[in-house]
Amino acid sequence: MRGVWTTEHVRSAEERLLAVTPEGALMRRAAYGVSVRAAKLLAEHTGRVVGTRAVLVVGAGNNGGDALWAGYFLRRRGVAVAAVLLRPEKAHPAGLAALRRAGGRVYSPETAAEVIDSADVVIDGVVGLSARGPLRPDAAAVFERVTAPVLAVDLPSGVDPDTGAVDGPAVRATCTVTFGAYKPVHVLNPQHCGDITLVDIGLSGELGEPDLLQLDAADVAAAWPLPKPEDNKYTQGVTGVAAGSSTYPGAAVLTAAAAVRATAGMVRYAGPVADVVRSHWPEVVATGSIFDAGRVQAWVVGPGIGTGRQSKEVLAEALGQGVPVCADADAITLIAEQPDVLDARDPDTPLLLTPHDGEFERLTGSAPGADRVGAAREAARRFRAVVLLKGHCTVIAAPDGRVLVNRPRGSWLATAGSGDVLAGMIGALLASGLDPWLAAGVAADVHARAGQIAAGGVPTSASGILAAIPDAVRQARSLTP
Ligand SMILES: NC(=O)C1=CN([C@@H]2O[C@H](COP(=O)(O)OP(=O)(O)OC[C@H]3O[C@@H](n4cnc5c(N)ncnc54)[C@H](OP(=O)(O)O)[C@@H]3O)[C@@H](O)[C@H]2O)[C@@H](O)CC1
Ligand SMILES: [K+]
């Protein structure tokens, strides 16, 4: 698993490390890493390093110091370096002196137009860990001119380091070089970070437990349930699916099919479109009502069931059986509108909620806002449930505070019925006995892989995602991170 630490925790770890490290050593280590990545970027874009031109955009703090020292190292590799100082009086003194000594030139934003226009790479050292709010107007004006690839030092300036939120002008980087630890921005807003490089500055011993986690392929592979020699169809867990209606039969088919595709156990369907489900997926044991469905090890309830009285009874029945329940789509709206349905649940029965933003607002009374991790964590505590908050970077929070952030693989999942497929996969993983938080994270990862595989660069559909589940599992099982 990839660990991610908030800026508060990175800062205090850095303070402890700084206390036992010679002055300036950490910054030079960080800056050297920036210069190596910058040289690679230059070579990729121009075919050479010597004789290319780098522009540093330098703010008031140590992030600017990193950029200035990186400029010093790039000078030594034959790169022409120009530093645009946004706050000349506050520019890191040692870094600036080193750059000048090495032959770097210095500009103000007003005099820099020409060097920016002819840059081969621009290094964003405006602001790092201490960033607040969007780019200020002077920095925003500089980046408006930029057409060269941008390397962000630590993080793209203008993006909130702890939430990844963007609320105005912000740097959109080709690549980001960060130090010591991944920060939330790197997993919550990969679109603005581009390709990310982590430079080791010796911080790992000081960091403690991570605040967020991201699954690697190896984690997904290790968690994905596979039949063992002693298994039969029951021992792998039976998934119950209560989905669909005469208006939305497709929701039943997609949800049940995703459970079939995800694991080798058995899938039971209970609902008004049993015949439709059976005709598409003969391996599903389908019946008309949840009350005569037989034993299951987990329920998925909600896709396409509507929010009427009968649907409420179905949800209450599932919640009362003492097995994990994934409440999706209409089941979330039902909980939001008629919270007494949760009385049917023993507080120890695992519950998993899978809202998109609109459903989240219905459920909690407020939209997730900029701090999606905080919002999901709070909702998870309040409902004593795992909350999977859908988004470009889906966030999965457990009631005990653990948070996973899913790695996006394009926007292919934004298609009708895609959520039904995810719910079916989660149900199958719950039935296999996986921890609900991990089940949600692993399902979200494979769902994203399936979307990418199904799309292959052109739009796909929920049926396409469904068909790609086996290849997505294969991909996760054969890849390292
Ligand atoms: N500590 C270490 O060991 C190491 C640290 N390292 C590096 O230090 C970086 C952290 O440096 P830092 O703490 O000096 O602050 P930094 O992020 O440069 O901000 C400077 C000032 O900018 C301002 N500002 C705020 N928001 C703004 C905005 N939106 N747009 C424009 N300006 C804005 C605000 O000042 P204000 O103008 O509000 O007074 C703020 O104080 C870290 O990211 C890493 O790169 C590495 O070298 C490894 C070793
Ligand atoms: K930056």
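Residues numbered from 1 in each chain as written. Chains lettered and ligands numbered in written order. Predicted model: local features only at pLDDT ≥ 70, side-chain atom pairs only at ≥ 80, totals over all residues.

To be explicit about the condition: UniProt positions are given in the numbering used here, feature names are shortened, and annotations may be inferred rather than shown by experiment.
Looking at an unreviewed UniProt entry, the chain carries the name Bifunctional NAD(P)H-hydrate repair enzyme, with the source organism given as Saccharomonospora viridis. Word for word, the UniProt comment on the chain under Subunit (unreviewed entry) is "Homotetramer."

### Overview of the UniProt feature "binding site: AMP" (unreviewed entry) in the chain
As a reminder, the rule being used: Counting from the N terminus, the helices are the DSSP runs of H or I reaching at least four residues and the strands are the DSSP runs of E reaching at least two. We call two residues in contact when their backbone-placed C-beta atoms lie within 7 Å.
UniProt records the feature "binding site: AMP" (unreviewed entry) for Lys-390, Gly-391, His-392, Cys-393, Thr-394 and Gly-419 in the present numbering. The annotated residues occupy 30 residues of the chain but converge on a single region, no pair of C-alpha atoms lying more than 14.5 Å apart. Along the chain, Cys-393 turns up in the loop between strand 16 (386-389) and strand 17 (395-397). Discounting chain neighbours no more than four positions away, the residues touching Cys-393 are Val-187, Leu-188, Val-405, Asn-406 and Pro-408. If you trace the backbone, Thr-394 turns up in the loop between strand 16 and strand 17.

### Considerations on the site of ligand 1
Note the cut-off: Near, as applied to residues and a molecule or strand, means the residue's backbone-placed C-beta atom lies within 6 Å of it. Residue polarity follows a fixed list, in which Ala, Val, Leu, Ile, Met, Phe, Trp, Tyr, Cys and Pro are nonpolar, Asp, Glu, Lys and Arg are charged, and the others, Gly among them, are polar.
In the vicinity of ligand 1, 28 residues are found, and the nearest of them are Gly-61, Asn-62, Asn-63, Gly-128 and Ser-130. For the shell around ligand 1, the elements supplying multiple residues, two or more each, are helix 1 (7-19), helix 2 (25-46) and helix 3 (62-75). Counting residues per element, the shell around ligand 1 draws most heavily on helix 3, at four residues. For the shell around ligand 1, the per-class residue count stands at 14 nonpolar, nine polar and five charged.

### Some points on unusual backbone geometry
Note the threshold: Any residue whose C-beta has 12 or fewer other C-beta atoms within 10 Å is treated as exposed, any with 20 or more as buried, and any in between as partly exposed, C-beta atoms being built from the backbone.
Here Asp-154, not a glycine, exhibits a phi torsion of approximately 70°, which is positive. Relative to the elements of secondary structure, Asp-154 occurs in the loop between strand 6 (150-153) and strand 7 (175-179). Phi is positive for Ala-329, close to 50°, though the residue is something other than glycine. You can call Ala-329 buried: it has 26 C-beta atoms within 10 Å.

### Some thoughts on the packing of helix 10 (residues 249-262) against helix 16 (residues 418-431)
Applied cut-off: Axis geometry follows a simple rule: fit a line to the C-alpha atoms, using only the stretch in contact for helices, then measure angles between N-to-C directions, giving values from 0 to 180 degrees. Should an angle fall under 35 degrees it is called roughly parallel, over 145 degrees roughly antiparallel, and 65 to 115 degrees roughly perpendicular, with every other angle called oblique. Handedness of a crossing follows from how the near helix is turned relative to the far one, being left-handed for an anticlockwise turn of less than a right angle and right-handed for a clockwise one.
Close contact between helix 10 and helix 16 brings their axes to 7 Å; oriented N to C, the two are set at 40°. Considered as vectors, helix 10 and helix 16 are oriented oblique to each other. Crossing of helix 10 over helix 16 shows right-handed handedness. In this structure, helix 10 contributes Ala-251, Leu-254, Thr-255, Ala-256, Ala-257, Ala-258, Ala-259 and Ala-262 to the contact, and helix 16 contributes Asp-420, Val-421, Ala-423, Gly-424, Met-425, Gly-427, Ala-428 and Leu-429. Looking at the contact of helix 10 with helix 16, its residues break down into twelve nonpolar, three polar and one charged.

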